[in-house]
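Breakdown of the fold
Take a look at the letters that make up each chain.
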Amino acid sequence: MRWIRRVALRLRSLTRWHVLDHEMDEELRFHIERQIEQNIARGMAPKEARYAALREFGGVARIQEECRDQRGVGFVETLFRDAAYALRVLRKSPGFTAVAVLSLALGIGANTAIFSLINALLLKSLPVHNPAQLVQFDHANLENEGMTSFPYPFYRDFRDSNTVFSDLMCVSFANTGLRLDGGIERLRGEMVSGNFFQALGVQPHLGRLLVPEDDSAAAAPVVVLSHGFWQRRFGADPALVGQTIQLRDVATTVIGVASPSFHGLDKGSAPEFWAPITKLEQLTGSPYLETRGNWWLQIVGRLKPGVSQEQARGATDAFLLGYLASRGEPTTDHARRVRASERMIMQPISTGMGGAGEKLSTPLLALMAAVCVVLLITCVNIANLLIARGAGRQREIAVRLAIGAGRRRIVRQLLTESFLLAGAVAGVAASYWMVDLLVTYLAGSSAPVDVAPDLRVLAFTLSVSALAGCLFGLAPALHVSRPDLSQALKLDSPQAAGGRALWRQCAVSLQLALALPLLVSAGLFLRTLYNLYTQDMGFVRDNVVQMTLYSGNYNLTAEHNKNYLREVVDRVTAAPGVRGASFAAMAMLGRSMWGSGITVEGVTIPEGEAEPLRNVVGPDFFRTMGTPILLGREFDRRDDERSRKVAIVNESFAKHYFGSENPLGKKIGKGGAYADTEIVGVARDTRYARVREETPRFWYMPYEQVDWKAADLTLHVRTAVDPNTIIPALRDAIQAVDNNIAVDRVTTLESLVEDHLSTERLVATLSSFFGLLAALLASVGLYGVMAYTTQRRRREIGVRLALGAEPARVRRLVLRGAVAQTIAGIAVGVPATLGATLLIESQLFGVEPTDPWTILAATALLALVALIAGYLPAHRASQVNPAIVLRCDG
C-alpha cells in the first residue's frame, strides 16, 4: 500500500490535480500519532514505536515538499512560513536573542556609521550638475608638488584663450566685515567668478544667484548668502532678498540665498557668502586682484565633450609656460630647471576639493577595518552559540528529517533565523547616534557634512547584514542539519547534546587572534595621543586666552593701529586676574603660516632652499606665552620705528644658519628696510600650525618696526584665574577702545590644543572601545566553549572526584584547554599584529608600530581576560557533587 500512496501523490503533483497545503501536514501528523499508538499496542517500546512511525511516513512528507516546489510558489510560501517559525523559535529564547541582536546591532551599526561618514566625505558626489566632469587645476615643478593657487590674471587669460574646457571658474576663500546692530562681525565666504553657479548648475533657494554680468567692474556690489547663515543671522527672513547690507561699509545688495544642500566645492567648509571676484578689493580690502605674482586663486573647469585628458593637459601646460615666460626669463641655472619642470595637473573633484575628506580618510579607513574585525568576531561568537544551542535542537531537527524534510530545507530554515538576527533595522538604528558622534569629533561640529542615508548606505547595510547572517549562520546550519537520526531520536541519547568540539575550539582561537591586533592598535593610538598631549610645545598653554582683533579690512593707517593696540594691551593688562598680554600676526596653532626670503650675514643660502617662517609680535610676547628666551632678550616697547631694527630667532633658525656659533649681534634681512636687522635673542622652538609638525625655522620682528596697515592680529592674554571666567570682561575692555574692531575666534589655548587633537582623541577612544569589545567577545566565546565542554564532561569529572581527585587538579585539567586555545590564538595573532600595525604607522607619533612593550601589554591583557573566562567554568566544574552527578547520569 505504501508504494501505491507514493505513486498517487506523485501523479497528483505532476498534473496539479491536487493542492497540498498546511492542512495536509496536520493530517499527516494525525496519522503518525495513530501509527505510534498502534505500534505500542503491538508491544513496541514508546521510543521504538515513535521511530518506526516516523520512518514509515517520512516518504510522504518528502513528496509534499516536492509538490510545493513544482507548483512554482513553494519558495515564497516556505519563506514566510520559515520566517514565522523562526520568530516563534527566537521568542522562546529571549536571552539568547537579546544578546545576539544587541551584539549584531552594535557591530552592524558601527560599520554603518563609519561607512556613512566615508560615504559623505569620500564617495558622495557634490550636489551640482554632472560632478564627474569637474576638475581642479594644480601646478607643480621640481621644488613643489601640487600647488593649487594661481593669480587672477592667469585665470582671466586662461579663460579667454581656452579651447578645451566648456566652463572655467575661479574661487577663493575671503573674509569681510558685516556692519550690523551698531557693531562689526567677520564673515567668512568665497569670492567667485560670475559663471560659478551657472557652470555648477546650482539652483537658488530664494532670489537668484550670481551671473557673469555681476562680475564686472561697472556692476553694483551684490552678494549671495548661504542658507545656514541666512537662517542663523537673519532669522530666515525672505524679505532680505533685494535689500542692502553693509560689507566693509560698502552697500551690497543681497540678490539671493543658496540652496540648503550647497556648501561650496570643499566638503567640510561652511562659507557664509559668495560675491563676485572683481569686487575683491571693495569687499575685502585685498589689493591682489590684478597682481600677476600673487598665487592665491583656485581654478575649476569642465572638459568639453570629445576632448581627451591628454589634449587638455597639453593645452594647459603650454599656457602655463607661456604665462611664466611673460614674467621674464630665469636668471640662474636652477631657476631655468624649475621653469622647465613646470606642469599643470588636473585633479577630478566630483566628491569635493580636499578638505575634511582628505584629512580624515586614513583615520576613517583604520576605524572601518577595526569595526569589520569586531563584526567578524561577533559573527564567530554567535556561530559558536548557535552550534551549542543547536545541540539542544537536534531531536527537533532529527524528527523533521525523519518525516521527510530534506537537508537543504533544514539549512534554509536555520539560515532564516540567522538573517532575522542580523536584521538591518537594529543596525541602522544603532548607527544614528554613532554617526552624530563621528561628525562632531572627526569632521567638526560646524562642518556641513551631509550624512543622510542614501541608496549606497542602505545597500551597504543590507549587504553587511546579509554577510553577517551567512558568516555566523551557515556553518552552524550545516553542522546541526546532519544529526545521527538513530541516536538523536532516543530521549536519553548523549548525542542529543553532542556536536564536534574541534570547530568551536578553533573558532575561539580565531577570535583571540583577531582581537589581539585591535588591542595593540588601541595601545598605539593611546600612546600617540599621550605623546602628542604631553610633548613640549615650547609654550605654556594653561590659562591663556586667544582672540582675533578683526578690523573688517578697513583702510586704517599703521599709526592708528599701533595706537589702538597699545591701548588694548594696557586696558587688558589692567583687568583683574590678568598676568600679561601681547599680540602676534600669526596665531599660535592657527593653522596658517607665511614665509619670507632672507639674507643672513656671512651665510650663503643655497638656491631653492625653503624659506624660514616669519611672525610679527608685540612687546612681552614670549613672556606672555611662557616661551623661554635662551639667549639675549625679548622685545619691549623701546623697539619702535625710531630704534635700530631687531629680530629674535628660534633654536632651529640659529642652529641651521650659525651652527654652534653665537647668533647674537648677527645681521639678517629681508631686503630693503630689513637688510640690517640685528638678532637680539634666541627663543625656544615652538609648535605653530600643528602639534605634529616638525619645528620650522622662525624669526620674529617687533610690530612697532613693521609698516602693518591692518589691525587683524591675535591677542594673547595670560590669566591668573580660569580664563573662561574673565572672557566677557576682556571683550568689554577691547570694545571700549573701538567698537569698529570685532573680537573674533575667542578661545583658550588649552581648548585649541584639544581641538587639534580631536581626531587623535576619538580614534584612540573608539579603537580602545573596539579593542576591549573584541577581547570581551573573544572571552565570552571562550567561556561558552569551556562551559559547554565541562557540561559534557560532568560524568567524567564526577568519576574523578569520586575516586579522590583534588578540586585543584580538576581545575587545572579543565583550565588546560583554555590555556591551549589562548596560546594558539596569541601565536596566530602576534604575526598578524606585526603586519597590521604597519598600516597605521603614518598615524602614530613618538611610538613605533612594532613597539614591544605595547604588544606585550596587549597580549598580557588578552591572556588575562581569556584565562578569567576559562577559570570560571573550571572552578564550577571542581565544585560539583559526584553523588548527584553520577546518580543523574546513571
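A brief look at the structure comes next. Note that the structure is a prediction, hence the values are computed from the model and not measured.

This paragraph deals with the overall build of the protein. Looking only at helices and strands, one finds 28 helices and 21 strands in the protein. A total of 890 residues make up the protein; the buried ones form 51% of that total. The long-range share in the protein, meaning contacts at least 24 apart out of those at least 6 apart in sequence, stands at 82%.

To continue, consider the packing of helix H6 (residues 152-161) against helix H10 (residues 309-325). Across the interface, H6 lies against H10 with an axial gap of 11 Å and an inter-helix angle of 135 degrees. For the element pair H6 / H10, the angle class is oblique. With respect to the hand of their crossing, H6 and H10 are arranged in right-handed fashion. Along the contact surface, H6 presents Pro153, Phe154, Asp157, Phe158 and Ser161, while H10 presents Thr316, Phe319, Leu320 and Tyr323. Per-class residue counts for the contact of H6 with H10 are 6 nonpolar, 2 polar and 1 charged.

Next up on the list: the environment of Val814. Among the structural elements, Val814 can be located in helix H26 (residues 807-836). Remark: the alpha-carbon pair of Val814 and Pro873, spanning 59 residues in sequence, is separated by 8.1 Å. Excluding residues within four positions of it along the chain, Val814 makes contact with Met786, Thr790, Ile797, Ala874 and Ala877.

With that settled, consider unusual backbone geometry. A positive phi is found at Asn130, a non-glycine position, where the angle reads about 45 degrees. Mapped onto the fold, Asn130 is located in the loop between helix H5 (94-123) and strand S1 (134-140). Judged by its relative accessible area of 35%, Asn130 falls in the partly exposed class. Not every positive phi belongs to a glycine, and Asp620 is a case in point at roughly 60 degrees.

Another aspect to go through is the packing of aromatic side chains. The tally for this structure, following the rule as stated, stands at 27 aromatic pairs. When the centroid spacing of 6.0 Å and the interplanar angle of 45 degrees are considered together, the rings of Phe150 and Trp295 count as tilted. Here the residue Phe150 occupies a position in the loop between S1 and H6, and Trp295 occupies one in the loop between helix H9 (280-284) and strand S9 (298-303), the gap between them amounting to 145 residues. Each member of the aromatic cluster is reached from another via a ring pair, and the members are Phe137, Phe150, Phe154, Phe158, Phe165, Trp295, Phe319 and Tyr323.

There is a patch of nonpolar side chains on the surface, built from Tyr783, Leu864, Ile868, Tyr871 and Leu872 and spanning about 460 Å² of accessible area. Along the chain, the position of Leu864 falls in helix H27 (residues 852-878).

Attention now goes to the nonpolar core. By size, the foremost hydrophobic cluster in this structure holds 95 residues, and its most contacted members are Leu104, Phe472, Met588, Phe621 and Tyr700. Setting aside anything within four residues of it in sequence, one finds Phe621 in contact with Ser582, Phe583, Ala584, Met588, Glu634, Tyr688 and His716. Val164, Ile245, Leu247 and Leu289 belong to the second-largest nonpolar core, a separate cluster that totals 43 residues.

What counts and what doesn't
- Residues numbered from 1 in each chain as written.
- Predicted model: local features only at pLDDT ≥ 70, side-chain atom pairs only at ≥ 80, totals over all residues.
- Heavy atoms only, no water.
- Helix = DSSP H or I, 4+ residues; strand = E, 2+ residues; numbered from the N terminus.
- Buried < 20%, exposed > 50% of the residue type's maximum accessible area, 1.4 Å probe, protein only.
- Contact = heavy atoms within 4.5 Å.
- Axes fitted to C-alpha atoms, helices over the stretch in contact; angles between N-to-C directions.
- Parallel < 35°, antiparallel > 145°, perpendicular 65-115°, else oblique.
- Left-handed = near helix turned anticlockwise from the far one by under 90°.
- Nonpolar A, V, L, I, M, F, W, Y, C, P; charged D, E, K, R; others polar.
- Phe/Tyr/Trp six-rings, centres within 6.5 Å; stacked < 30°, edge-to-face > 60°.
- Patch = residues over 30% accessible without salt bridge, like charges linked within 9 Å, V, L, I, M, F, W, Y side chains within 5 Å.
- Areas by Shrake-Rupley, 256 points an atom, 1.4 Å probe, with all protein chains shown as cover.
- Salt bridge = Lys/Arg side-chain N within 4 Å of Asp/Glu carboxyl O.
- Core = buried A, V, L, I, M, F, W, Y, C linked by side-chain atoms within 4.5 Å.

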